[in-house]
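Observations on chain architecture
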Amino acid sequence: MADATAWPPAPFDTAFARFRELDAWYAGNAAALAEIYSGATAAAAVPTHTVAGRKYRGGVLGSLSKMFLGQPIVEEEKRMRMHLPLAADLCTLSADLLFGEAPQILFRKPDDVPLQEGDTRASRKRWVHPAQSRLDDITGADEAHAELLLAGEYSAALGGSYLAVAWDKDVHDHVFPKAYAADTAIPTFRHGRLAGVKLWTEYRDGNEVYRLVEEHKPGSIEYTLYRGTDRTLGAPVQIDTRAETEHYARMRTAADLDVRVGELPETVAIGTGTTRLAVTYLKNAAPVRDWRKLGVLADLGRSDLDGIQDVLDKVDMAWSSLMRDVENGQGRLVVPEEMLDLSGRPGEGANFDTYRQVFTPVNGTLGKAADGSGPMSIVQFAIRVEEHLAVIEGLKKEIASAIGYSEAHLGLDSAKGQRTATEIDADLSDSERTRDKKALYAKGALARWSVAALEIDKTVFGGTDLGDMRRMPSVEFAPVSQADPEKLARTAQLLDAARAASRKEIVRSIHPDWDEDDIDAEVDLIMQEIGVPAPDPAGFTGDPIDDETEA
């Protein structure tokens, strides 16, 4: 029965159990982490054996309960547990490094573009792909950049995200990207490449869970609304059952509606106008080390948080201990009973007035005043700030090493201080290498998404001819640590003075993201500004100089 279908289906239930743990770290949900690591939701949470009268749990649950956040708390015990949102900071850092500046998506000039008869380099116009302007409209918007940042955070937290081509004529006049986290998708991979995927959005109504499932196949998308529970997909219902999804019903054609009353199918199927998949998978890293032999799970990406959960747990333990010191460090006064003021009402006890200046001794004594000692004492515990912060800093260094980030990006004191520009670049090199590896996955995903987006946009919104779409666009990311302009200028000056490089090579070194036409145009402008150098008198013949040859 459809309403009894387990959700998510096997073997993805294994992946989603991991996603739940990673999401709890990402969201900073300390209660969910305590529940996961204490085994409170597992049937095996009961003790497995007894030693010397004490009950223990073995296996995985037993080891998880050794986590600080998994330690049981005696009822009514007010134990200090503070969560430091380091996991969320790591995911934000990953997204900022990769998508802090929007990548450039450009169609490069093919090598076989012919030169028109009579054209010289100076008169030749810059080559532009027919679809480049529309692609700039789609990917150059601030909303598209923000969606990439969101996808980057999802990828860092859960190992991957899905970037879908979305459109709505009532919302925008072109298609746009829509990011889905890995815990809202059931993918189908072939040879490690995404071949299809089911994406969904959840709407909750009490104990009922409505899921709008989008099944993406090459050339088509099927939308179906299901009503189920947390653990079951449930049965399909009409897509206009909920206000949030009723606009999908307008995608039906006249042929779809030409059916008998009561026989309208729940699924809304549409063609996308392209033979490509309208979704790409943005993998964070690979592989998930303990999934590499688990069939389809082996193709999923690895989270930045995977493998460092125990270190993150110890960061929370050290931070909680420091906060406990702060709480215990509040000064307490121990006063004799005769200095307390009785309330005079049963059950309300007594209190001590800290602002009172004069006390009357009882029978000639006040506490131990008769023997010369103080009548009260102060209890003040030390706050071990340096010790705790040193532990946290050491754990942060282990995290930085494990996931490949520079210590400077984690705000460690050892990476601070007065440093030269070269030392700053060296400090950021670990993050740059990690970011470059992530960019390898992002470049292919964004290139495929761009081509599919252009073809779907042409089908939905019309427009001019897209030209040759067989060649994928180039995706260029800006450097993590921007090069010092003064340093680049000095390098260019030295190369020019030593005649060690042509002006074209110097321009290319300063602007590595430019294509050949941009570089040629810049060289022409430079030559026009500085003028043509005078000929060598020893070799002067009086013949006119060929401008094209000189340039």
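The structure under discussion appears in the preceding block.
This text gives an overview of the structure that appears in the document.

Cut-off values and rules
- Residues numbered from 1 in each chain as written.
- Predicted model: local features only at pLDDT ≥ 70, side-chain atom pairs only at ≥ 80, totals over all residues.
- Heavy atoms only, no water.
- Salt bridge = Lys/Arg side-chain N within 4 Å of Asp/Glu carboxyl O.
- Helix = DSSP H or I, 4+ residues; strand = E, 2+ residues; numbered from the N terminus.
- Buried < 20%, exposed > 50% of the residue type's maximum accessible area, 1.4 Å probe, protein only.
- Pairing = 2+ DSSP bridges.
- Axes fitted to C-alpha atoms, helices over the stretch in contact; angles between N-to-C directions.
- Arc of directions from axis to C-beta.
- Contact = heavy atoms within 4.5 Å.
- Parallel < 35°, antiparallel > 145°, perpendicular 65-115°, else oblique.
- Left-handed = near helix turned anticlockwise from the far one by under 90°.
- Nonpolar A, V, L, I, M, F, W, Y, C, P; charged D, E, K, R; others polar.
- Phe/Tyr/Trp six-rings, centres within 6.5 Å; stacked < 30°, edge-to-face > 60°.
- Lys NZ or Arg CZ within 6 Å of the ring centre and 35° of its normal.

This next bit is on the pattern of salt bridges. A complete count under the given rule lists 17 salt bridges for this structure. Between Arg-134 and Asp-457 there is a salt bridge, with its nearest N and O atoms 2.7 Å apart. Taken as a pair, Arg-134 in helix α5 (residues 132-139) and Asp-457 in helix α11 (residues 429-461) lie far apart in primary sequence, 323 residues in all. A relative accessible area of 2% means that Asp-457 is categorised as buried. A salt bridge links Asp-468 to Arg-470, with the nearest nitrogen and oxygen atoms 2.9 Å apart.

Moving on: the sheet that holds strand β4 (residues 160-166). In spatial order, the strands read β5-β4-β12; together these three strands make up an open sheet with antiparallel pairing. The open sheet terminates on both sides in strands that have one partner only, identified here as β5 (176-181) and β12 (279-283). Between one strand axis and the next, the sheet turns by 30° as a mean value, whatever way the strands run.

This next bit is on α5. Inspection of α5 places Gln-132, Leu-135, Ile-138 and Thr-139 among the buried residues, and these make up the whole buried set. Around the axis of α5, the buried residues are gathered within 120° of arc, so they sit on the same side. Residues of α5 that are buried make contact with β3 (104-106), α6 (142-158) and α11.

The pairing of strand β6 (residues 185-190) with strand β7 (residues 193-205) spans six bridges and is classified as antiparallel. Bridging from a neighbouring strand, Ile-186 pairs with Lys-198 of β7. Hairpin geometry of β6 and β7 is characterised by an intervening segment of two residues between the two adjacent antiparallel strands and by a positive phi of about 55° at His-191.

What follows deals with the packing of helix α4 (residues 86-99) against α11. Interaxial distance between α4 and α11 falls to 9 Å at its minimum, and their mutual angle equals 70°. On the basis of their axis angle, the class for α4 and α11 is roughly perpendicular. Between α4 and α11 the crossing geometry is right-handed. Across the interface between the two elements, Ser-94, Leu-97, Leu-98 and Phe-99 from α4 touch Ser-431, Arg-435, Lys-438, Ala-439, Ala-442 and Leu-446 from α11. Residue composition of the contact of α4 with α11, by class: six nonpolar, two polar and two charged.

Right, let's talk about the packing of aromatic side chains for a bit. For the structure on display, the rule yields nine aromatic pairs. Plain terms: the ring middles of Phe-16 and Trp-200 are 5.9 Å apart, the flat faces sit at 20° to each other, and that makes the pair stacked. One end of the pair, Phe-16, is in helix α1 (residues 12-27); the other, Trp-200, is in strand β7, with 184 residues separating them in the sequence. Trp-200 shares its class with Phe-16; the two are buried. Consider the rings of Tyr-223 and Tyr-248, whose centres lie 4.7 Å apart with planes at 35°: the pair is tilted. You can see Tyr-223 sitting in strand β9 (residues 220-228) and its partner Tyr-248 sitting in the loop between β10 (235-237) and α7 (254-257), a full 25 residues away along the chain. In terms of burial, Tyr-223 and Tyr-248 fall into one category: buried. Above the plane of the ring of Phe-68 lies Arg-81, whose end atom (NZ or CZ) is 5.8 Å from the centre. The positively charged end of Arg-242 is found above the aromatic ring belonging to Tyr-210, 4.9 Å away from the centroid.

Further remarks concern the pairing of β4. Buried residues dominate β4, accounting for seven of its seven residues. Of the two faces of β4, the one holding Gly-160, Tyr-162, Ala-164 and Ala-166 and the one holding Ser-161, Leu-163 and Val-165 are both buried throughout. As judged from the five bridges shared by β4 and β12, these two strands associate in the antiparallel manner. For Ser-161, the partnering residue across the bridge sits in β12 and is Leu-282. Judged from the six bridges that link them, β4 and β5 form a sheet pairing that is antiparallel. Counterpart to Ser-161 in the pairing with β5 is Ala-181.

On their own, these measurements won't tell you what the molecule is for.
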